[in-house]
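Survey of secondary and tertiary structure
Below are the chains, spelled out letter by letter.
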Amino acid sequence: MSLTEIDTNFTLPAQFYTSKDIFEEELEKIFYSKWIYVACEADLPKPGDYITLKLGTRSFFLQRGQNGEVRGFYNVCRHRGHELLSGERGNRKGISCPYHNWTYDLSGKLLRARGMDADFPKQDYGLNPINVAVIGGLIYVCLNSPAPDDIETVSNLLSPYLAPYQVAKTKIACQKDIIEACNWKLVIENNRECLHCDTNHPELLVPLYSSGFGKGLDKDHIAPSEQRFQDTLQEKEREWEGLGLPYELIEFPDDLWFRTVRLPLANQCLSHTLKPEHACKKLLGNFRKPEGSGLSLWTHPNSWNHFLSDHIITFAVFPLSVDKTLVRTKWLVAADAAEGVDYNLEDLTKVWTQTNLQDQSLAEGTYRGICSGGYLPGPIADEEYLVKQFLSWYTDQLTETPVH
Amino acid sequence: MSLTEIDTNFTLPAQFYTSKDIFEEELEKIFYSKWIYVACEADLPKPGDYITLKLGTRSFFLQRGQNGEVRGFYNVCRHRGHELLSGERGNRKGISCPYHNWTYDLSGKLLRARGMDADFPKQDYGLNPINVAVIGGLIYVCLNSPAPDDIETVSNLLSPYLAPYQVAKTKIACQKDIIEACNWKLVIENNRECLHCDTNHPELLVPLYSSGFGKGLDKDHIAPSEQRFQDTLQEKEREWEGLGLPYELIEFPDDLWFRTVRLPLANQCLSHTLKPEHACKKLLGNFRKPEGSGLSLWTHPNSWNHFLSDHIITFAVFPLSVDKTLVRTKWLVAADAAEGVDYNLEDLTKVWTQTNLQDQSLAEGTYRGICSGGYLPGPIADEEYLVKQFLSWYTDQLTETPVH
Amino acid sequence: MSLTEIDTNFTLPAQFYTSKDIFEEELEKIFYSKWIYVACEADLPKPGDYITLKLGTRSFFLQRGQNGEVRGFYNVCRHRGHELLSGERGNRKGISCPYHNWTYDLSGKLLRARGMDADFPKQDYGLNPINVAVIGGLIYVCLNSPAPDDIETVSNLLSPYLAPYQVAKTKIACQKDIIEACNWKLVIENNRECLHCDTNHPELLVPLYSSGFGKGLDKDHIAPSEQRFQDTLQEKEREWEGLGLPYELIEFPDDLWFRTVRLPLANQCLSHTLKPEHACKKLLGNFRKPEGSGLSLWTHPNSWNHFLSDHIITFAVFPLSVDKTLVRTKWLVAADAAEGVDYNLEDLTKVWTQTNLQDQSLAEGTYRGICSGGYLPGPIADEEYLVKQFLSWYTDQLTETPVH
């Protein structure tokens, strides 16, 4: 089965979800070579703060320098190869290897090479850097070099949408990691359609119109049953104009790898919560009062995000192996919001905690079905058109001539 | 080492027990292409009852239709590939996918394709079926198509032997699964000889003559020590004639894959129990009083069974990986027998629970020895001639031109 | 990357630590083909005593015969391949297979072949032997044949150094196994330098001069800071002459695979303990009073040992997989020493228990760094010259034409 023979009106042939060789190829051509969403500025509030991360088999860390810049380096000493920073997060004024105490500054420069002669060329042994880009507070990395040069265009298009939320001034109220027993693409396919919402996501459908989440915005795809959503949308669009909030759909333009749109919330909701109240009393950024809409952002290959006037939920997908996938969800609130005073953690996280578990069950059940030996690529419904879009983008990446 | 060079007077070269590639070949040429014993009618008493099963990496389910027929389908939806039925067993009037609610009837026909246009060709998207054959209440499947056409001959030969027990009118009193850390062929080799019984199976040798279990029936293989067994056998054969019970040995005729024979029980036993009593007061099928014999049935590649007048023990072997094997044992009693009244579960299951554990230890110890790096194919004794027969059948299957 | 291109002034390219194929090659060319340290005579004090062992995927046992000789055989029966001896250790007058009771004597001769005809050629079915060599109480094996013929030279050179300790008259006071999540070579590299000691091994540096442990003995490598060690050394060498204790450094001569040297202890220590006292009141072999030095012995590919006048610590490294390594440490004391009376187990084992855990953390951290994807071979310091020596020996073994 060659990639060019794949019909992206159907789900992929089984081996694309189950082959270790194809998984390796995906790591190389996508997760190591493209811009990948991995963290946000709230992970690194102060100079010296670091987080350690893994993409595929590669390990690196992000650290905020004394000048405020976020930098990334492979997590390995240039002497005997010991890991430099351990644990998930911490703060270091400098970086000293635990093995033989080689020491680096936060820009990766080797300061001290214990055991080596005075004429040792320290300038040749700085840390091994990775590419880092910050867009409106969201941190993207590209492990291979050169990184794709589309990041500036993406930043220019996205920044006005994200600006009102001032992500850099948030803190992480909660982070939850789930390891799902399935191929990473099933997590993304599941995220790219809401045809499954009606019968699977009772909590999510309190604040969300199922017709608005991934369909119903393309005027060519309006079903009669979506009329209520369309009416609400037009009314809200006038409000958003008044507030200066960008709302127009941008959908994977010119081979770019994101989709964003503002969506009205359903059932008088003001946030992604079960009650028509905001989840955090301290509002984000420019917001003076709770606003009944959410800005949604999907980026290929591995993320989706929802920005509300009182909190943000951001999702990053990390493929661990061909059949294991880490889904990391973060709930961000205003940096000065106090738990128990301004927000209650259970109310804040309820909708997406439940939705994630429901989606995990669906993605894992799909993986088992695909592995059954009797699976055949299945037809993708019109309402699932963003699944087709993802699979089409995906096969394009794999057919591209490898950079390395 | 080519297959044609293998001397089946000896155990196989080590790689046949340890190579993942050969294991894959066995799945393809044997477990997916031959008729395999997997369950019995007592697993599916009522219309709508289903069980889910796995052979190698393939997952499917068996379900009894409204018309009483047992059907099998791969456990996967034709839309986006979600598994259709979860858990080990249950009952469903129809089959509805949990993901987007595509719905099928019990014959596998697609009734409802949610999300698709009215002109969607539902007739092209029925469930993916597997071959199912029921012989005297025992259920065999063949995953690949076409299935070998020998099933009818087997059914004709076997049915008269099984008929007196009326397997379809039994219920499962107990099922026990063991996962053995060894290659599946070692489980079968172990089952095909009783030279190891004397020093390993004290419980089994209460009801069984070790000389009768796999040897001593071939008149060319009678040792002087077997005279007592031979005398008993002749006496019993006259009784069996009177009762109309088939007893003649049928041993892998014309390339067929089964062996069956009736055996007298030892020590006045009336069942496979430790005391000379039946294990269940309600007798099976045609039996009016407990009968001191057992009908044994061995089928290649993966089963053995013992039919007593009061209960049946049936064993199915499922290879999980080259070094892991599931052995599933079921104890069947009359459908209307009541636990605690007609039978006591511990008495009923004692002999084979112990025997299985002893055989597990032997098969696992053999696997460790074969993996030691110092293993050499060893000579098979005359009393182990059914091991040779199995290995000869096995190498024949692997040398056959693949069907697919 | 070909082996001949490797610069052993640097650590190895990543794949040498992470590739399963290279790991298989190492097993074949090194662990199955060279002399490997696996146990000591104290493991088998009496005739019939055995221990079971594993090198790579191969399983064998060592057993002391009635004549006192230590022999080794693959742990597998010549009949159907069952493992012969189970558990870690035990005592057997003869060897009888649990499966069908084939029976061997302690020299591996087949005595009884149950099930076979009278004319069965038992002489052709003895146990499959391995090569065993005992040097001063330390047991080395070579699984493949013929074994390298350098063992006699090694024995002649080493025996005078080991003789004073009479290892054969010791017992095992304690054995501790650690499984480290790293490639085996990182355990050895770590062991071959003490540049990491200052900041990682507070306990070990009580009895040991860091300048003496792997450096400072080569007169070309003396740093000014090592003067105190040099003074002590000269003084102790005069004492050792008087006591008849060999002390001269022998360092991997003529392609041989060991290094030995006597080292003075630091801080008035008399043993590898935290207090300036011996750890066991009963002294070893020829020693009449505690002696403040240790004889150290390193053997490629997998061992290091420290001989004190009151106890011995011996380390054997067993590669389990490319990323998992068993480190087995034994503490030996005089055979007639009594726990609680002559020695306290915690005092005896404290220094190396702590040091092992610290080294485990370093080796595992190095493995994570090497797997980071950003690792580059790093420069080895002069003080780490024995790491270079090991890597040079290692690459030589891999480039040698395979014996088999």
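Residues numbered from 1 in each chain as written. Chains lettered and ligands numbered in written order. Predicted model: local features only at pLDDT ≥ 70, side-chain atom pairs only at ≥ 80, totals over all residues. Heavy atoms only, no water.

Another aspect to go through is the overall build of chain A. Helix and strand content of chain A: eight helices and 17 strands. Overall size of chain A, expressed as C-alpha extent along the three principal axes, is 80 × 55 × 35 Å. Within the span of chain A, comprising 404 residues, buried residues form 61% of the whole. For chain A, the separation between the mean place of its 40 positive charges and that of its 54 negative charges on side chains is 9 Å. (Helix = DSSP H or I, 4+ residues; strand = E, 2+ residues; numbered from the N terminus. Buried < 20%, exposed > 50% of the residue type's maximum accessible area, 1.4 Å probe, protein only. Lys, Arg positive; Asp, Glu negative; His and termini not counted. Charge placed at Lys NZ, Arg CZ, Asp CG, Glu CD.)

Further remarks concern the domain arrangement of chain A. Residue and element names in this part refer to chain A. According to the domain assignment, chain A contains domain 1 (35-147) and domain 2 (160-400). Placing the centre of domain 1 and that of domain 2 at their C-alpha centroids yields a distance of 31 Å. For domain 1, the biggest contributors to the area lost against domain 2 are Tyr-37, Ala-42 and Leu-138; these three give 33% of the whole. Remark: the boundary between domain 1 and domain 2 carries one salt bridge. Taking the shortest distance from any N to any O, the salt bridge between Lys-330 and Asp-43 comes out at 2.5 Å. Secondary-structure elements contributing two or more residues to the side of domain 1 that touches domain 2 are β1 (36-40), β2 (49-55) and β10 (138-142). With five residues, β1 is the largest single contributor of residues to the side of domain 1 that touches domain 2. Here the residues of the side of domain 1 that touches domain 2 are counted per class, giving 12 nonpolar, three polar and five charged. (Domains from an automatic or database assignment. Buried area = accessible area lost by both parts, 1.4 Å probe. Salt bridge = Lys/Arg side-chain N within 4 Å of Asp/Glu carboxyl O. Nonpolar A, V, L, I, M, F, W, Y, C, P; charged D, E, K, R; others polar.)

Before going further, it helps to spend a moment on the interface of chain A and chain C. If you look at the interface, chain A gives 24 residues, while chain C gives 30 residues. Around 2,100 Å² of area is buried between chain A and chain C when both sides are counted, 49% of it from carbon and sulfur atoms. Per-residue buried area on chain A facing chain C is highest for A:Arg80, A:Tyr99 and A:Arg114; these three make up 30% of the total on that side. Our count for the contact surface shared by chain A and chain C stands at four salt bridges. At the boundary of chain A with chain C, the tally comes to 15 residue pairs in polar contact (both at pLDDT 80 or more). Grouping the amino acids of the side of chain A that touches chain C by side-chain chemistry returns eight nonpolar, 10 polar and six charged. (Contact = heavy atoms within 4.5 Å. Polar contact = N/O pair within 3.5 Å; in protein donor to acceptor, adjacent residues only side chain to side chain.)

Moving on to the state of the cysteines. Enumeration according to the criterion identifies three disulfides over all chains in this entry. Covalent S-S linkage joins A:Cys194 and A:Cys197, the inter-sulfur distance amounting to 1.9 Å. Disulfide A:Cys194 to A:Cys197: torsion about the S-S bond roughly -100°, handedness left-handed. For the pair shown, A:Cys194 and A:Cys197 are each scored as buried. Looking at the unpaired B:Cys77, the closest cysteine sulfur is the one in B:Cys97, lying at 3.9 Å. By relative accessible area, which is 2% here, B:Cys77 ends up buried. (Disulfide = S-S within 2.5 Å.)

Attention shifts here to the relation of the copies chain B and chain A. Rotating chain B by 120° about the axis while translating it 0.1 Å along that axis superimposes it on chain A, leaving an RMSD of 0.0 Å. This pairing of chains is accounted for by a three-fold axis. Minimal C-alpha separation from the rotation axis in chain B is found for B:Lys20, amounting to 8.8 Å. (Least-squares fit on C-alpha atoms with pLDDT ≥ 70 in both.)

Contact residues are listed per partner, giving 24 residues for chain B and 30 residues for chain A. In this assembly, chain B packs against chain A so that about 2,100 Å² is buried in total across both faces, 50% of it on carbon and sulfur atoms. For the pair chain B and chain A, the interface holds four salt bridges. Residues B:Glu83 and A:Arg368 are paired through a salt bridge, measuring 2.7 Å at the closest nitrogen-oxygen approach. Counting the contacts that link chain B with chain A gives 14 residue pairs in polar contact (both at pLDDT 80 or more).

For the rest of this paragraph, the subject is the sheet that holds strand β6 (residues 95-96) of chain B. The strand order β6-β7-β8 (chain B) describes an open sheet built from three strands, whose pairing is antiparallel. This sheet does not close on itself; its edge strands, each paired only once, are β6 and β8 (110-112) of chain B. (Pairing = 2+ DSSP bridges.)

This brings us to the confidence of the model for chain A. With 95% of its residues at a pLDDT of 70 or more, chain A has an overall mean of 94. Both scores are given for the predicted complex: the pTM is 0.94, the ipTM 0.94. (pLDDT = per-residue confidence, 0-100.)

What follows concerns helix α3 (residues 151-162) of chain B. All names here are of chain B. For α3, built from 12 residues, the straight-helix expectation of 16 Å at 1.5 Å per residue is met to within 8% by its first-to-last C-alpha distance of 15 Å. All buried positions along α3 are accounted for by Ile-151, Val-154, Ser-155, Leu-158, Tyr-161 and Leu-162. Around the axis of α3, the buried residues are gathered within 125° of arc, so they sit on the same side. Counted as exposed and oriented over 90 degrees from the buried face of α3: Glu-152 and Asn-156. Elements in contact with the buried residues of α3: β9 (129-135), β10 (138-142), β12 (250-251), β13 (258-264), β14 (293-299) and β15 (303-307). (Expected span 1.5 Å × (residues − 1). Arc of directions from axis to C-beta.)

Each aromatic ring pair is described using two quantities: the centre-to-centre distance and the angle formed by the ring planes. With the rule as written, the count across this model stands at 49 aromatic pairs over all chains. Plain terms: the ring middles of A:Phe390 and A:Tyr394 are 6.4 Å apart, the flat faces sit at 35° to each other, and that makes the pair tilted. Highlighted residues: A:Phe390 and A:Tyr394, both in helix α8 (residues 385-399), separated by four residues, approximately one helical turn. Where C:Phe16 meets C:Tyr394, the ring centres are 6.5 Å apart and the plane angle is 85°; that geometry is what we call edge-to-face. Placement of C:Phe16 in helix α1 (residues 15-18) and of C:Tyr394 in helix α8 (residues 385-399) is noted, with a sequence separation of 378 residues between them. Of the two residues, C:Phe16 and C:Tyr394, neither departs from the other in class, the shared state being buried. Connected via pairs of aromatic rings, a cluster forms that spans A:Phe16, A:Phe31, A:Trp184, A:Phe390, A:Trp393 and A:Tyr394. (Phe/Tyr/Trp six-rings, centres within 6.5 Å; stacked < 30°, edge-to-face > 60°.)

Residue and element names in this part refer to chain A. Pairing between strand β4 (residues 70-74) and strand β9 (residues 129-135): two bridges, direction antiparallel. Paired with Phe-73 across the two strands is Pro-129, which belongs to β9. In terms of strand pairing, β9 meets β10 through five bridges, oriented antiparallel. Each bridged residue has a counterpart across the sheet, and for Val-132 the counterpart in β10 is Val-141. The turn linking β9 back onto β10 is made up of two residues, and Gly-136 within it adopts a positive phi angle of 50°.

A few words now on the sheet that holds strand β8 (residues 110-112) of chain C. The pairing of strands in a sheet happens through backbone hydrogen bonds and is either parallel or antiparallel. Strands sit in the order β6-β7-β8 (chain C) across an open sheet of three strands; the sheet is antiparallel. The outermost strands of the open sheet, each flanked by one partner alone, are β6 (95-96) and β8 of chain C.

Turning our eyes to something else, we now look at the side chain of B:Arg192. All names here are of chain B. Turning to its location among the elements, Arg-192 is positioned in the loop between α4 (184-191) and α5 (197-200). Within the buried set, Arg-192 has no salt-bridge partner at all; the shortest N-O distance to an opposite charge, 9.5 Å, is to Glu-251. Separated by 2.7 Å, the side chains of Arg-192 and Asn-191 make a polar contact. From its side chain, Arg-192 meets the backbone oxygen of Thr-299 in a polar contact 3.3 Å long.

Residues and elements named next belong to chain C. Burial within strand β14 (residues 293-299) is extensive, with seven of its seven residues counted as buried. Burial of β14 is two-sided: the residues Ser-293, Leu-295, Leu-297 and Thr-299 facing one way and the residues Gly-294, Ser-296 and Trp-298 facing the other way are all buried. Note: strand β13 (residues 258-264) against β14, seven bridges, orientation antiparallel. Paired with Phe-258 across the two strands is Thr-299, which belongs to β14. In this structure, the hairpin formed by β14 and strand β15 (residues 303-307) is closed by a connection of three residues.

The next point concerns unusual backbone geometry. Going from A:His300 to A:Pro301, the amide bond is cis rather than trans, its omega being 0°. Here the bond from B:Ser145 into B:Pro146 is cis, since omega is -5°, no more than 30 degrees from zero. Residue placement: B:Pro146 occurs in the loop between β10 and α3. The backbone phi angle of A:Phe252 is positive, close to 45°, even though this residue is not glycine. In this structure, A:Phe252 sits in the loop between β12 (250-251) and β13 (258-264). By relative accessible area, which is 11% here, A:Phe252 ends up buried. The residue C:Gln268 is not glycine, and still its phi comes out positive at about 55°. In this fold, C:Gln268 is placed in the loop between β13 and β14.

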